[in-house]
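The lines below spell out each chain.
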Amino acid sequence: MSGFTGRPALPPVRVYAGLDSAATARERAALAVRELDRTGAFRRAVLCVITTTGTGWVDPQAAAALEFMYGGDSALVSMQYSYLPSWLSFLVDRERVTAAGRELFGQVYARWSRLPAGHRPRLLVFGESLGAFGAESAFRDDRDLRERTDGALFVGPPDSSPLWRRFVDGRAPGSREVLPVYRDGETVRFANGPADLAAPASAWAGSRVVYLQHPSDPIVWWTPRLVLGRPDWLEERRGDDVLPWIHWYPFVTFWQVTADLVFSLDAPPGHGHDYDGEVANAWARIAPPDGWDAARTTALTTLLSRRQGGSG
């Protein structure tokens with residue numbers, strides 16, 4: 001890490017409460033907060049609250065991106081709520097998902113807000129896939145996100161994510177479902193790829209919230225409504241990686257997208273449910289450290305890509 005930052009790095013703090021560490025989500029969240037206190041996490045520059053996928057998985061690239069950006073002056077906290085794969089958790093464990101998202105952020109926020117103003121770490125939120133669904137549940141709307149966080153990153157959110165659905169349905173006329181513009185991008189912005197984070201051109205002050213969503217990601221676009229309803233994303237100009245000969249047919253399209261769920265992670269980066277290489281760009285727009293620039297973002301993206309390739 002020091003080789004990337006060019007200065008001495010701190011060992012990053014990572015706190016994780018496993019499913020067997022306590023009986024309830026509330027108790028696991030309380031345990032995680034106590035561990036944050038013990039490890040000095042509230043004295044770090046940035047603290048990120050992460051809601052996991054169904055099995056308790058956290059995207060290592062999303063975690064490493066923040067840690068490298070801040071030279072280890074960071075803390076990440078998460079907790080497990082299920083042993084089930086995300087698709088099964090989505091069907092039978094939705095209450096556990098939302099309880100985990102609400103409890104962990106609520107208890108971290110309560111402890112963080114007692115710190116003196118000016119002596120608090122940046123408070124961020126992260127969720128991917130089912131984790132995005134759970135992480136959203138801690139907030140009422142975009143104003144709540146703006147007032148209680150310093151930024152949030154939601155990656156590949158399921159269609160049933162309540163806030164995501166509200167923002168997409170409330171998009172500006174003329175903006176597409178795959179790339180909505182909500183309230184002129186004041187707080188919440190959507191991106192199919194890194195270049196989209198520069199739009200719209202209006203000011204993006206205060207807390208920044210980003211949704212990364214590929215037009216070809218079936219996890220984002222799967223919904224039972226496809227059985228009998230034509231979605232906007234097939235009515236409007238297609239997303240760049242949606243095949244032009246895809247059309248909506250009652251029942252048929254639903255089962256096509258359902259089948260695609262199985263192979264969503266097999267797509268190359270930048271397509272399907274593979275967001276490798278994009279989370280660093282998103283974090284760099286949401287919460288860049290002082291002095292951070294585009295060259296550092298490129299260097300970090302390259303570094304993380306090499307680490308990912310080496311881990312296989």
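Look above for the structure.
Here goes a summary of the coordinates provided. These figures come from a predicted structure and were not determined experimentally. (Residues numbered from 1 in each chain as written. Predicted model: local features only at pLDDT ≥ 70, side-chain atom pairs only at ≥ 80, totals over all residues. Heavy atoms only, no water.)

Attention now goes to the packing of aromatic side chains. Aromatic rings in a pair are described by how distant their centres are and how their planes are angled relative to each other. Enumeration according to the criterion identifies 14 aromatic pairs in this entry. Here the aromatic rings of Phe-4 and Phe-68 are separated by 5.9 Å at their centres, their planes lie at 80 degrees, and the arrangement is edge-to-face. With a gap of 64 residues between them, Phe-4 in helix H1 (residues 2-5) and Phe-68 in helix H3 (residues 60-69) connect regions that are remote in the sequence. The residues Phe-4 and Phe-68 share a single accessibility class, namely buried. Over the ring of Phe-42 we find Arg-111, and its NZ or CZ is 5.1 Å from the ring centre. Over the ring of Tyr-109 we find Arg-148, and its NZ or CZ is 5.2 Å from the ring centre. (Phe/Tyr/Trp six-rings, centres within 6.5 Å; stacked < 30°, edge-to-face > 60°. Helix = DSSP H or I, 4+ residues; strand = E, 2+ residues; numbered from the N terminus. Buried < 20%, exposed > 50% of the residue type's maximum accessible area, 1.4 Å probe, protein only. Lys NZ or Arg CZ within 6 Å of the ring centre and 35° of its normal.)

Our next topic: unusual backbone geometry. Geometrically, the link from Ala-199 to Pro-200 is a cis peptide bond, its omega value of -5 degrees lying close to zero. Topologically, Pro-200 is positioned in the loop between strand S6 (188-191) and strand S7 (208-212). The phi angle at Arg-183 is positive, at roughly 50 degrees, despite the residue not being glycine. Locating Arg-183 in the fold gives a position in the loop between helix H8 (162-169) and S6. Here the phi dihedral of Phe-251 falls at roughly 70 degrees; this positive angle occurs in a residue that is not glycine. Secondary-structure assignment places Phe-251 in the loop between helix H10 (232-235) and helix H11 (252-262). On the basis of relative accessible area, Phe-251 is assigned to the partly exposed category, the value being 47%.

What follows concerns empty space enclosed by the protein. Within the structure shown, the criterion is met by two cavities of 30 Å³ or more. The space that makes up the largest cavity amounts to roughly 40 Å³. Ile-50, Thr-51, Thr-52, Thr-53, Trp-57, Val-58, Asp-59, Phe-126, Gly-127, Glu-128 and Gly-131 together form the lining of the largest cavity. The element best represented in the lining of the largest cavity is strand S4 (residues 122-128), accounting for three residues. Of the residues belonging to the lining of the largest cavity, the class tally is four nonpolar, five polar and two charged. Estimated volume of the second largest cavity: approximately 30 Å³. Among the elements of the structure, strand S2 (46-51) and H3 are those that each provide at least two residues to the lining of the second largest cavity. (1 Å grid on protein atoms, 1.4 Å probe; cavity = no way out; pocket = protein on both sides within 12 Å on 5 of 7 lines; lining within 4 Å. Points joined across faces, edges and corners; volume = space filled by probe spheres on them. Nonpolar A, V, L, I, M, F, W, Y, C, P; charged D, E, K, R; others polar.)

Right, let's get into the pattern of salt bridges. Following the criterion strictly, the structure yields 15 salt bridges and no others. The residue Asp-169 makes a salt bridge to Arg-165 at a minimum N-O spacing of 3.0 Å. Taken together, the residues Asp-169 and Arg-165, both in helix H8 and four residues apart, mark about one turn of the helix. Taking the relative accessible area as the measure of exposure, Asp-169 reaches 52% and is therefore exposed. Among the ionic contacts, a cluster of salt bridges with common partners joins Asp-159, Arg-165, Asp-169, Glu-177 and Arg-225. (Salt bridge = Lys/Arg side-chain N within 4 Å of Asp/Glu carboxyl O.)

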